[in-house]
Each structure stands twice: as C-alpha cells, then as structure tokens.
Amino acid sequence: MADAAETVKKTVETATAQVKAQTETVKAQAEKCNISNVTQLNADFADTWREVLRKKHQAPKTIYGKSVILRSLTLFALRRRLTDVDSLAGYKLRKPKAKPQPCWTPEENAVRS
C-alpha cells in the first residue's frame with residue numbers, strides 16, 4: 001500500500017511540475033507579445049505561440065495538447081467571470097493524425113512465441 005501512495009505522490013508532483021512549466025512558457029510568450037490580461041489571448045497570440053512551439057521542434061500532438069490547455073485557460077476565465085469575452089471564440093484546433101504504430105506480422109509473432 002505504501003508503494004501505491006508513493007506512486008500517487010510522484011504522479012501529482014510530476015503533473016504539478018508540468019503545469020508550472022506550461023504556465024511559465026505561456027507567460028513568457030505573453031510578455032513578449034505585451035499581453036497582460038487573459039482577454040488579450042486572441043487567435044494571433046495562439047498562432048504565434050504554436051509557431052514558437054514548432055520552432056522548438058515540439059511534436060504535433062504536443063503542440064495540440066498545449067493549445068488545448070491555452071483554450072482551457074480562456075474558458076476557465078470565462079466560467080469564473082474573470083472576463084466577459086471569450087477571446088478565442090471560434091478558434092478551431094485540428095487534432096493531428098496519429099503516427100502509425102509498428103505492428104507484428106503473424107510470421108513475426110510465430111517466431112517470438
């Protein structure tokens with residue numbers, strides 16, 4: 001039981017660290033674009049931020065996931081009434097196609113058995 005509790009603790013710590021890193025990335029890009037309020041997070045900012053991630057050689061799935069977090073941030077602000085305007089309304093995110101995964105042929109499975 002102690003192993004499960006330790007695993008949960010490590011998982012929470014890892015997730016917290018990832019969220020903090022993501023927040024710092026968005027914050028740094030927002031400062032470069034002179035953005036100080038969540039209502040200023042518009043489609044131009046989102047496109048610029050996605051381009052920055054592409055230049056850092058992030059995978060398409062990673063860029064998509066980070067873009068979803070950015071969209072979630074604006075919706076969170078709207079739900080909490082921190083803003084009256086959904087600044088990313090109508091901003092569509094296309095989910096990237098999955099990479100083809102390797103698959104064993106029946107002959108390879110017979111050899112491995």
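Caption draft 1: Structural view of unusual backbone geometry. Although it is not a glycine, N34 adopts a positive phi angle of roughly 55°. Counting through the fold element by element, N34 comes out in the loop between α1 (2–32) and α2 (43–55). On the accessibility criterion, N34 (67% relative accessible area) is exposed. Of note in the backbone geometry, R81 takes a positive phi value of approximately 60° without being a glycine. Within the element layout of this structure, R81 appears in the loop between α3 (60–79) and α4 (106–112).

Caption draft 2: Here's a closer look at α3. The terminal C-alpha atoms of α3, which comprises 20 residues, lie 28 Å apart, in line with the 28 Å expected from a rise of 1.5 Å per residue. Backbone geometry just downstream of α3 places R81 in the positive-phi region, at approximately 60°.

Cut-offs used in this document
- Residues numbered from 1 in each chain as written.
- Predicted model: local features only at pLDDT ≥ 70, side-chain atom pairs only at ≥ 80, totals over all residues.
- Heavy atoms only, no water.
- Helix = DSSP H or I, 4+ residues; strand = E, 2+ residues; numbered from the N terminus.
- Buried < 20%, exposed > 50% of the residue type's maximum accessible area, 1.4 Å probe, protein only.
- Expected span 1.5 Å × (residues − 1).

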